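Residues per chain, in single letters:
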Number of protein chains: 2
Amino acid sequence: MYSPSEQNYIQQLSIDCVIFGYWEKQLNVLVPKLDLRGDFWALPGGFIVQEESIDQAAQRILKDRTGIRDIYLQQFRVFGEARRNNAELLERMSELNQDKLGSVWLNAKELEWITRRFVSIGYYALVDSRKVVPRKSGVDETIGWYPIKQLPTLIMDHNEIVAQALEALRSTIDQKLLAFNLLPETFTMKELQELYEAIFDKPFARNNFQKKILDMNVLERLEKKFTGAANKAPYLYRFQR
Amino acid sequence: MYSPSEQNYIQQLSIDCVIFGYWEKQLNVLVPKLDLRGDFWALPGGFIVQEESIDQAAQRILKDRTGIRDIYLQQFRVFGEARRNNAELLERMSELNQDKLGSVWLNAKELEWITRRFVSIGYYALVDSRKVVPRKSGVDETIGWYPIKQLPTLIMDHNEIVAQALEALRSTIDQKLLAFNLLPETFTMKELQELYEAIFDKPFARNNFQKKILDMNVLERLEKKFTGAANKAPYLYRFQR
């Protein structure tokens, strides 16, 4: 990631990924911490090789930086302010008298390359955190899940990128339910409501919620969940194929 | 637009604008025809100056290519296939033994610059066609509105960009109503329904439509429209401030 050359990568264009995971009624975001003296958290990101599409680049970056493969990534917004650059990070590296990122040394040309203005394409995904085990890359000290309300301060505009990803998720969740793997194969209406409540950070009225979801016509109702108390057993649902 | 240099512009990154206008119950798209021997229609597009944000670039490009200023432009998608380039256009120029675009000559360096792969950020806008008078730029032979169902064949993936812009418009129109200027200051429910029908290219049931819109709580009801037949006069509405 940090050995860019003009030949290989499109210049001044990057990709940043916001990976959401959901468990215990809470949304979490996967964030690596860069291997620098000092606290630098940054979204998993990287650049676009000349011969790959932006979607392929996003998949490759995510695999390289987190070990996660083949998940549904969705571009949601471009971050293109005129003064958007790595100046802050590089100033701190300079203060720390450090000229490598993790185990990767940057030469003068690479430093110049990476300090220019970058336009960044934001991607987000929702993953089933029970099925993925993130691993850190060579430039990272650690990688971990953080509750969305307790994110550390990220470099550049990365906190804003997370906020915008959440906005995008909220505005498209109805259409995206099928594409993502946030819930187990089968689930109760209550579990689905809890997911919506975590995403929107507000309670929904049970009856209205159930009506709205059933009106979407995307669920298939299965047998009742066995709880021992037959009368109160909730139905299980799954998404229609 | 066509005198790019590495110093001024971000390389391999462009912007393309889909400008929708609405009248006579029909959606139309504003498309310039390039001033070349041969039929080359292309969305109004251009590049990003180092010192401007992508939103500023989109506004500048639209003003330069169509004369339209200060309209609400919304980025909606990035087009980033690996083989996305101007090869087709430049091959045709070469066949035609023509090495200028409109009144602008391209030198070898500029030709090389513009033939590389480009990632393009798509923007769309909805304009009140009664208030704007498009004018062609120096690289264009004509500029005109085309009904969305009768668009000419555009260069590169520009027809696909229009299709994706329409998709984006459909999925966000409820939130976007306020931001756009598609309708006059005041309008009837029927006029609003006709706008939705033009965008979605399908009829809506009157009662359901009215309920849906009123439930959005964005309209203010005014006096009845004077038609001479008092009983049947429809209410006028406007968007709340």
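The model shown is predicted, which means the values in this text are computed figures rather than measured ones.

**Student:** Explain the overall build of chain A residue by residue, including any values.
**Tutor:** A tally of helices and strands in chain A yields six helices and eleven strands. Counting across all 241 residues of chain A, residues that qualify as buried make up 31%. Expressed as a percentage of contacts within chain A between residues at least 6 apart in sequence, the contacts between residues at least 24 apart total 73%.

**Student:** A description of helix α1 (residues 54–66) of chain A should follow, citing residues and the corresponding values.
**Tutor:** Residues and elements named next belong to chain A. End to end, α1 covers 18 Å across 13 residues, agreeing with the expected 18 Å (1.5 Å per residue, within 8%). Those residues of α1 lying buried are Ile 54, Ala 57, Ala 58, Gln 59, Ile 61, Leu 62, Arg 65 and Thr 66. Among the residues trailing α1, Gly 67 stands out with phi positive, at a value near 80 degrees.

**Student:** Which residues make up the relation of the copies chain A and chain B, and what values do they have?
**Tutor:** Relative to chain B, chain A is turned by 180 degrees and slid 0.0 Å along the rotation axis, the superposed coordinates differing by an RMSD of 0.1 Å. Taken together, the rotation angle and the small translation identify this as a two-fold axis. When C-alpha positions in chain A are compared against the rotation axis, the closest is assigned to A:Gln11, at 3.3 Å. Most of the interface of chain A is mirrored in chain B: 100% of its interface residues are interface residues there too.

**Student:** Can you explain the packing of helix α5 (residues 189–200) of chain B against helix α6 (residues 206–215) of chain B? Please cite residues and give values.
**Tutor:** Residue and element names in this part refer to chain B. Two elements in contact, α5 and α6, have axes separated by 11 Å at closest approach and are oriented at 95 degrees. On the basis of the axis angle, α5 is roughly perpendicular to α6. In this structure, α5 contributes Met 189, Leu 192, Gln 193 and Tyr 196 to the contact, and α6 contributes Arg 206, Phe 209, Gln 210 and Ile 213. Class assignment of the residues belonging to the contact of α5 with α6 gives a composition of five nonpolar, two polar and one charged.

**Student:** Outline the nonpolar core, listing residues and values.
**Tutor:** A:Cys17, A:Val18, A:Phe20, B:Cys17, B:Val18 and B:Phe20 are the most contacted members of the largest nonpolar core, which totals 92 residues. Once you skip the residues sitting within four places of it in the chain, A:Val18 turns out to touch A:Val29, A:Leu43, A:Gly122, A:Tyr124, A:Ile161, A:Val162 and A:Ala165.

**Student:** Go over the interface of chain A and chain B, please, and point to the residues and values.
**Tutor:** Taken together, the 17 residues of chain A in the interface contact 18 residues of chain B. Looking at the side of chain A that touches chain B, the elements with two or more residues in it are β1 (9–23), β4 (74–79) and β7 (119–127) of chain A. Tallying contributions element by element places β1(A) first for the side of chain A that touches chain B, with four residues. Each residue belonging to the side of chain A that touches chain B can be placed in one class, and the counts come to seven nonpolar, six polar and four charged.

**Student:** Could you give me a rundown of the domain arrangement of chain A, with the residues and numbers involved?
**Tutor:** Residue and element names in this part refer to chain A. Each assigned domain of chain A is listed here: domain 1 (9–176) and domain 2 (187–239). Of note, the centres of domain 1 and domain 2, computed from C-alpha atoms alone, are 33 Å apart. The interface of domain 1 with domain 2 comprises eight residues on the first partner and six residues on the second. Counting residues per element, the side of domain 1 that touches domain 2 draws most heavily on helix α4 (residues 158–176), at four residues. The class makeup of the residues in the side of domain 1 that touches domain 2 is four nonpolar, one polar and three charged.

**Student:** An account of the environment of A:Leu183 is requested, with residue identities and associated values reported.
**Tutor:** All names here are of chain A. With respect to the element layout, Leu 183 can be found in the loop between α4 and β9 (187–188). Separated by twelve residues in the primary sequence, Leu 183 and Leu 195 have C-alpha atoms spaced 8.3 Å apart. The residues contacting Leu 183, other than those within four sequence positions of it, are Glu 191, Leu 192 and Leu 195.

**Student:** With reference to specific residues and values, describe the sheet that holds β9(A).
**Tutor:** All names here are of chain A. In spatial order, the strands read β9-β11-β10; together these three strands make up an open sheet with antiparallel pairing. Taken across any chain shown, the strands that pair with only one partner, and hence form the sheet edges, are β9 and β10 (219–224). One ladder, built from two bridges, connects β9 with strand β11 (residues 235–239); its direction is antiparallel. The residue bridging Thr 188 from the neighbouring strand is Leu 236, located in β11.

**Student:** Can you tell me about the confidence of the model for chain A, naming the residues and giving the values?
**Tutor:** With 86% of its residues at a pLDDT of at least 70, chain A reaches an overall mean of 85. Interface scoring of the predicted complex returns ipTM 0.78; its pTM is 0.82.

**Student:** Describe the sheet that holds strand β9 (residues 187–188) of chain B, and please don't skip the residues or the numbers.
**Tutor:** Read across the sheet, three strands follow the order β9-β11-β10 (chain B) without closing on themselves; strand pairing throughout is antiparallel. Unpaired on one side and paired on the other, β9 and β10 (219–224) of chain B mark the two borders of the sheet.

**Student:** A description of unusual backbone geometry should follow, citing residues and the corresponding values.
**Tutor:** Backbone geometry places A:Met156, a non-glycine residue, at a positive phi of 50 degrees. For A:Met156, the location among the structural elements is in the loop between β8 (140–147) and α4.

**Student:** Describe in detail the environment of B:Trp113, supporting the description with residues and values.
**Tutor:** Examined against the element boundaries, B:Trp113 turns out to sit in helix α3 (residues 108–115). Considering only alpha carbons, one finds B:Trp113 and B:Gln11, 102 residues apart in sequence, at a separation of 7.9 Å.

**Student:** Before we move on, could you go through the pairing of β7(A) and cite the residues and values that matter?
**Tutor:** Residues and elements named next belong to chain A. Most of β7 sits inside the fold, with nine of its nine residues counted as buried. A two-sided burial pattern is seen for β7, the buried positions comprising Val 119, Ile 121, Tyr 123, Ala 125 and Val 127 on one face and Ser 120, Gly 122, Tyr 124 and Leu 126 on the other. Both β1 and β7 contribute to a ladder of nine bridges, which runs parallel. Paired with Val 18 across the strands is Tyr 124, a residue of β7. Inspection of the sheet shows β4 paired to β7 by five bridges, in the antiparallel sense. Within β7, the residue paired with Phe 79 across the bridge is Ser 120.

Rules and cut-offs
Residues numbered from 1 in each chain as written. Chains lettered and ligands numbered in written order. Predicted model: local features only at pLDDT ≥ 70, side-chain atom pairs only at ≥ 80, totals over all residues. Helix = DSSP H or I, 4+ residues; strand = E, 2+ residues; numbered from the N terminus. Buried ≥ 20, exposed ≤ 12 C-beta atoms within 10 Å, placed from the backbone. Contact = placed C-beta atoms within 7 Å. Expected span 1.5 Å × (residues − 1). Least-squares fit on C-alpha atoms with pLDDT ≥ 70 in both. Axes fitted to C-alpha atoms, helices over the stretch in contact; angles between N-to-C directions. Parallel < 35°, antiparallel > 145°, perpendicular 65-115°, else oblique. Nonpolar A, V, L, I, M, F, W, Y, C, P; charged D, E, K, R; others polar. Core = buried A, V, L, I, M, F, W, Y, C linked by C-beta atoms within 7 Å. Domains from an automatic or database assignment. Pairing = 2+ DSSP bridges. pLDDT = per-residue confidence, 0-100.

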